[in-house]
Amino acid sequence: MGRQFQHIPAAAGLFFAGIFATLHHIAWLPLAVLMGAALLLVETQITVDAQHLRVCARWMGVTLRCRSWALADMAGAVLVEFKDATQYTSHSIRNTVRAHSFILTVRMPSGDSELYEFSSRDMGQKVLNALAAHNVKTS
């Protein structure tokens, strides 16, 4: 459904595993709930400075992972609207999940790179405007 929801499946898996693990030991359920809640508290921070665009995953002020791209290497950036539907069958019931998001794509000399997926145009437009302010060609 998008990178903004990337930790929800893992957290749901922990909750589900915790419920079934209580059949063996009652301590697994609170542990699974705490671990799942911790995953849901992970936030993504996007920073544009004079030299780099950084996408960092942070949990309560601690940086878990950080990726960085040099602005000088970027030939251009675009925010593309993405609409798609995923279908799956669960217990003989067919479900459809409709994803509507906006993907920030950057053109590099080595090829295009999808950097991040936003849930709203306004959030992506802020990053695109910051890139344009640092002389990266946007459209």
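Calculation notes
- Residues numbered from 1 in each chain as written.
- Predicted model: local features only at pLDDT ≥ 70, side-chain atom pairs only at ≥ 80, totals over all residues.
- Heavy atoms only, no water.
- Helix = DSSP H or I, 4+ residues; strand = E, 2+ residues; numbered from the N terminus.
- Buried < 20%, exposed > 50% of the residue type's maximum accessible area, 1.4 Å probe, protein only.
- Contact = heavy atoms within 4.5 Å.
- Areas by Shrake-Rupley, 256 points an atom, 1.4 Å probe, with all protein chains shown as cover.
- Core = buried A, V, L, I, M, F, W, Y, C linked by side-chain atoms within 4.5 Å.

Undergrad: How do you make sense of the overall build of the protein when you look at a structure like this?
TA: Across its full length, the protein carries three helices and six strands. The order of helices and strands in the protein, counted from the N terminus, is α-α-β-β-β-β-β-β-α. When each of the 139 residues of the protein is scored for burial, the buried share is 25%. Intrachain contacts of the protein at a sequence separation of at least 6 include 41% that bridge at least 24 residues. Put simply, the protein shows about 9300 Å² of open surface, and 58% of that area lies on carbon and sulfur atoms.

Undergrad: I'm lost on the nonpolar core in this one. Help?
TA: Soluble globular proteins tend to bury their nonpolar side chains together. Counting residues in each nonpolar core, the largest one holds 18 residues, and the members touching the most others are Leu53, Trp69, Met74, Ala77, Leu104, Leu115 and Leu131. Of all the secondary-structure elements, those providing two or more residues to this core are strand S2 (52-59), strand S4 (76-90), strand S5 (93-108), strand S6 (111-118) and helix H3 (121-133). Beyond its immediate sequence surroundings of up to four residues, Trp69 is in contact with Gln51, His52, Leu53, Val55, Met74, Met108 and Leu115.

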